[in-house]
Amino acid sequence: MDTADRLAHVRERIDAAARRAGRDPAGVRLVAVGKQFPVERLRDIVRAGHRRLGENRVQEAESKAADLAAAVEWHLIGHLQGNKARRAARIFDWVHTVDSLAVARRLAAGAREAGRSINLLVQVDLAGTRERSGVPPEDLCALLSDLAREVALPLRGLMTLPPRTPTAEGARPHFRHLAALARSAADEGLLPPHPDLSMGMSADYEIAVEEGATLVRVGSGIFGARPAPPVNG
Ligand SMILES: *Cc1c(COP(=O)(O)O)cnc(C)c1O
């Protein structure tokens, strides 16, 4: 199978998972994660009509965006350092990894300068062990109210990278937990009535869709095994 075939295959599995859960497949958007793959590989799916791409580093996304020169919706899925936020604001349409008021303020300042808007998702660290970046669940409401009050960018929902579990099925309770957190935040008016849920990767996106994901982030399931990461940079 080539890359475009694998993308179509992932999309079919998403649609099937949505139907199993009684959901409209159109309510699940697929973010193709091209991090560490050369831009030519991304071009394969952009040519096939896919326009939603995820990257975890600002610099890599900048260079790919320049090379692709296509109208792409860029999603930042990696941790964002404050000192890169203004640059991130020039290219990303979605940032999935907001975990502090400070970084969101910088994104807002950058977006204002660039005359654009950015959709924000707050990353939640469900294990609360600091194994992952993100805000622990007990601090979520406070951060959401700070963001709503002080940051003039649309706050769309929540994202998580669940704690590592031996099987994909082990992620299910974490996805369910994130969905419950989003629901209660929406009930309190801290998120929109139908908040976005960014959850699920190659190993577990079908489970995430069954549990309510609206954005799934799939890399190796589309592009194959990633080349080794660069040593630095
Ligand atoms: C790399 C990455 C993905 C995609 O991972 P795959 O297992 O290759 O699908 C999804 N989300 C985040 C946050 C990532 O860093």
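Observations regarding the overall build of the protein
Across its full length, the protein carries nine helices and eight strands. For the protein, whose C-alpha radius of gyration is 17 Å, the value lies close to the compact-globule estimate of 17 Å for 233 residues. Taken along the three principal axes of its C-alpha coordinates, the protein extends 45 × 40 × 35 Å. Residues classed as buried in the protein amount to 50% of the 233 residues present. Here the protein displays about 10600 Å² of accessible surface, and carbon together with sulfur accounts for 50% of that area. Positive and negative charge centroids in the protein, built from 33 and 29 side chains respectively, lie 3 Å apart.

Focus on the pairing of strand β2 (residues 52-55)
Bridge count for strand β1 (residues 29-33) against β2 is two bridges, and the pairing is parallel. The partner of Ala 32 across the bridge, within β2, is Leu 53. Between the parallel elements β1 and β2, the chain passes through helix α2 (residues 39-47) in a crossover that is right-handed. Taken together, the four bridges between β2 and strand β3 (residues 73-76) define a ladder with parallel strand orientation. Following the sheet pairing, Glu 55 is matched in β3 by Leu 76. As for the winding sense of the linkage, the β-α-β connection from β2 through helix α3 (residues 58-68) to β3 is right-handed.

Notes on the nonpolar core
By size, the foremost hydrophobic cluster in this structure holds 69 residues, and its most contacted members are Leu 107, Leu 120 and Val 122. Apart from residues lying up to four places away in sequence, Val 122 is in contact with His 96, Val 98, Val 135, Leu 140, Leu 143, Leu 144, Leu 147, Leu 155, Gly 157, Leu 158 and Met 159. Within the second largest apolar cluster, five residues are counted, among which are Trp 94, Leu 121, Met 159 and Leu 215.

Brief notes about the site of the ligand
Neighbouring residues of the ligand: Lys 35, Ile 77, Met 159, Leu 161, Met 201, Ser 202, Arg 217, Val 218, Gly 219, Ser 220 and Arg 226. In the environment of the ligand, an oxygen atom lies 2.8 Å from a nitrogen or oxygen atom belonging to the backbone of Ser 220. Side-chain polar atom of Arg 226 to an oxygen atom of the ligand: 2.8 Å apart, as the coordinates give it. Burial of the ligand by the protein chains amounts to 90% of its free accessible area of 390 Å².

Comments concerning the side chain of Lys 35
In this fold, Lys 35 is placed in the loop between β1 and α2. Buried charged residue Lys 35 carries no salt bridge. Nearest counter-charge: Glu 55, at 8.5 Å. Setting aside chain neighbours within four positions, we find Lys 35 in contact with Gly 54, Glu 55, Asn 56, Glu 60, Lys 64 and Arg 226.

Some points on the pattern of salt bridges
In this structure the tally under the stated criterion is 19 salt bridges. Among the salt bridges present, the one from Glu 60 reaches Lys 64, with a minimum N-O distance of 2.8 Å. In this pair, Glu 60 and Lys 64 are both assigned in helix α3, four residues apart and thus about one turn of the helix distant. Linking Arg 86 and Glu 113 is a salt bridge whose minimum nitrogen-to-oxygen distance equals 2.3 Å. A residue pair is termed long-range when its members are at least 10 positions apart, and Arg 86 in helix α4 (residues 85-91) and Glu 113 in helix α5 (residues 101-114) qualify at 27 residues. Classification of Arg 86 as partly exposed rests on a relative accessible area of 41%. Look at the salt bridges and you will find they share partners, linking Arg 20, Glu 169, Arg 172, Arg 176, Glu 210 and Glu 211 into a network.

Examining the packing of α5 against helix α6 (residues 137-150)
At a minimum axis separation of 10 Å, α5 and α6 run at an interaxial angle of 25°. Taken as axis vectors, α5 and α6 run roughly parallel relative to one another. Here the hand of the crossing between α5 and α6 comes out right-handed. Facing α5, whose interface residues are Leu 101, Ala 104 and Arg 105, α6 presents Leu 143, Asp 146, Leu 147 and Glu 150. The class makeup of the residues in the contact of α5 with α6 is four nonpolar, no polar and three charged.

Rules of the game
Residues numbered from 1 in each chain as written. Predicted model: local features only at pLDDT ≥ 70, side-chain atom pairs only at ≥ 80, totals over all residues. Heavy atoms only, no water. Helix = DSSP H or I, 4+ residues; strand = E, 2+ residues; numbered from the N terminus. Rg over C-alpha atoms; globule rule 2.2 N^0.38 Å. Buried < 20%, exposed > 50% of the residue type's maximum accessible area, 1.4 Å probe, protein only. Areas by Shrake-Rupley, 256 points an atom, 1.4 Å probe, with all protein chains shown as cover. Lys, Arg positive; Asp, Glu negative; His and termini not counted. Charge placed at Lys NZ, Arg CZ, Asp CG, Glu CD. Pairing = 2+ DSSP bridges. Right-handed = clockwise from strand over helix to strand, strands pointing away. Core = buried A, V, L, I, M, F, W, Y, C linked by side-chain atoms within 4.5 Å. Contact = heavy atoms within 4.5 Å. Near = heavy atom within 4 Å. Polar contact = N/O pair within 3.5 Å; in protein donor to acceptor, adjacent residues only side chain to side chain. Salt bridge = Lys/Arg side-chain N within 4 Å of Asp/Glu carboxyl O. Axes fitted to C-alpha atoms, helices over the stretch in contact; angles between N-to-C directions. Parallel < 35°, antiparallel > 145°, perpendicular 65-115°, else oblique. Left-handed = near helix turned anticlockwise from the far one by under 90°. Nonpolar A, V, L, I, M, F, W, Y, C, P; charged D, E, K, R; others polar.

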